[in-house]
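Here's the letter readout for the chains.
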Amino acid sequence: MRQLRWITPERLARERSTSERADLAEFLRVSQLGVLVYAEGPSLTVLVGVGVGAARRPYTYPQVTQLMELASIMESALERAHFSAKVQRTEQLATVGLVGASLAHEIRNPLVSIKTFVQLLPTHHQDPAFREKFFRLIGSEVDRIDQLTEQLLDLSAPRAYAAVEVALHEVMRSSLELVTAKAADKQVAFSADFSARPDTVFTDPAAAKQVMLNLCFNAIQAVDAHRGEECWVRVATRNVDGGVEMSVSDSGPGIAPEMRDRLFQPFQTTKSTGFGLGLAICRDILANLHASISVDPPVAGKGATFRVTYPCQVSLS
Ligand code: ADP
């Protein structure tokens, strides 16, 4: 694969056969893959395979090129995730295999549905109901791939965040509307208790917004997915030693036991539609800004509480 970079059954059949190539062809056949692409970085290799389509039509070269671009984005994102994980937690090495598999799965599902619809287009384009469904589905599937690549890019090349003097409450209030709208939509009671005085911190306003939105949306989702007697999310601030703490608490089920040790690692999710990147991105962004994020130890019958501490002094490093 290192030599060939990409293979399809058609390419292997066309080219001079060697025993390795025959093995690869057999691998494609047994795994029912229509294309397999390869991307290599300094410390890890990404292989992305996409299944044979329903119509068994060969993949075209432009499709292969797109997949190779995607594989190379994944490779650099994984490289970075892998690197920081390696520094912070050696045992995370074991998850790299899982990451590749879940990513391929995430991208393959929308690609397969897009492909199926495109194949039906020539015979069904006169049907208005089909056309309507086509536009709706293609739009949402492309959005999903788009979201994933955007999050991967965030992880692979984070925007340059810069810490400036910020009135934290003002920054938080400016994104609160999004949170209250989402909470109202899901019928979750939302409250904000901004008690920190003063609330001046050194951070990047865009980063602080993103972190608050991520934590609040996660909390609303958790509460909504496990509706109990109480359904609430609360965001609060208070002064702590050397900084201002923002906490997001909820009445949800708390952190699932299998997630506790790897909550902030990339691609760890319990949601069927989640990517498991939100908390990893938050941790990454905050570490760059000398802020920290943690979750309270589990207490039976209590939901989750995440705490972010922003420094109230400029950090010189
Ligand atoms: P995603 O939301 O795509 O799963 P995240 O990194 O934001 O990715 O979250 C990772 C996982 O952490 C979630 O799948 C969920 O299991 C757990 N989690 C995050 N926030 C909460 C919360 N407030 N309550 C319970 N579990 C949570």
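Definitions and limits used
- Residues numbered from 1 in each chain as written.
- Predicted model: local features only at pLDDT ≥ 70, side-chain atom pairs only at ≥ 80, totals over all residues.
- Heavy atoms only, no water.
- Helix = DSSP H or I, 4+ residues; strand = E, 2+ residues; numbered from the N terminus.
- Buried < 20%, exposed > 50% of the residue type's maximum accessible area, 1.4 Å probe, protein only.
- Contact = heavy atoms within 4.5 Å.
- Areas by Shrake-Rupley, 256 points an atom, 1.4 Å probe, with all protein chains shown as cover.
- Axes fitted to C-alpha atoms, helices over the stretch in contact; angles between N-to-C directions.
- Parallel < 35°, antiparallel > 145°, perpendicular 65-115°, else oblique.
- Left-handed = near helix turned anticlockwise from the far one by under 90°.
- Nonpolar A, V, L, I, M, F, W, Y, C, P; charged D, E, K, R; others polar.
- Salt bridge = Lys/Arg side-chain N within 4 Å of Asp/Glu carboxyl O.
- Near = heavy atom within 4 Å.
- Polar contact = N/O pair within 3.5 Å; in protein donor to acceptor, adjacent residues only side chain to side chain.
- Core = buried A, V, L, I, M, F, W, Y, C linked by side-chain atoms within 4.5 Å.

**Re the overall build of the protein**
If you tally the helices and strands in the protein, you get eight helices and ten strands. Expressed as a percentage of the 317 residues in the protein, the buried residues total 43%. Long-range contacts, defined as pairs at least 24 residues apart, comprise 69% of the intrachain contacts of the protein with a sequence gap of at least 6. Only carbon and sulfur atoms are counted for the fraction: they give 54% of the accessible area of the protein, which is about 17300 Å².

**Notes on the packing of helix α6 (residues 168–185) against helix α7 (residues 205–225)**
At a minimum axis distance of 9 Å, the contact between α6 and α7 shows a crossing angle of 30°. Classed by the angle they form, the pair α6 and α7 counts as roughly parallel. Seen along the crossing, α6 lies across α7 with a hand that is right-handed. Packed against α6, whose contacting residues are Leu-168, Val-171, Met-172, Ser-174, Ser-175, Leu-176, Leu-178, Val-179, Lys-182 and Ala-183, the element α7 presents Pro-205, Ala-208, Lys-209, Met-212, Leu-213, Cys-216, Phe-217 and Ile-220 at the interface. A breakdown of the residues in the contact of α6 with α7 according to their chemical character gives 14 nonpolar, two polar and two charged.

**As for the pattern of salt bridges**
If you walk through the whole model with that rule in mind, you get ten salt bridges. Across the salt bridge formed by Arg-11 and Glu-15, the nearest N and O atoms sit 2.9 Å from each other. Exposure remark for Arg-11: the relative accessible area of 12% places this residue in the buried category. A network of salt bridges, in which partner residues are shared, links Arg-238, Glu-245, Asp-296 and Arg-307.

**Considerations on the site of the ligand**
Taken together, 20 residues lie around the ligand, and Asn-218, Thr-269, Thr-270, Lys-271 and Gly-276 are the ones closest in. Here an oxygen atom of the ligand sits 2.4 Å away from a polar atom, N or O, in the side chain of Thr-270. Between the ligand and Gly-278 there is a distance of 3.3 Å, counted from an oxygen atom to a backbone nitrogen or oxygen. Protein burial of the ligand: of its 540 Å² of free accessible surface, 93% is covered by the chains.

**Structural notes on unusual backbone geometry**
The peptide bond linking Arg-197 to Pro-198 adopts the cis configuration, its omega dihedral lying at 0°. Residue Gln-187 is not a glycine yet carries a positive backbone phi of 55°. Following the sequence through the fold, Gln-187 ends up in the loop between α6 and β5 (189–194). Backbone geometry at His-290 places phi at a positive 60°, although glycine is not the residue there. Considering the arrangement of structural elements, one finds His-290 in the loop between α8 (278–288) and β9 (292–295). For His-290, a relative accessible area of 38% puts it in the partly exposed group.

**Observations concerning the nonpolar core**
Counting 40 residues, the largest nonpolar core has Leu-215, Met-246 and Tyr-310 as the members making the most contacts within it. Contributions of two or more residues to this core are made by α6, β5, α7, β7 (232–240), β8 (243–250), α8 and β10 (305–311). Here the element with the most residues in this core is α7; it accounts for nine residues. Apart from residues no more than four positions distant in its own chain, Met-246 is found in contact with Met-172, Val-211, Met-212, Leu-215, Val-235, Ala-236, Thr-237, Phe-306, Arg-307 and Val-308. Judged by nonpolar contacts, the second largest core, of 25 residues, contains Val-37, Val-48, Val-50 and Ile-285.

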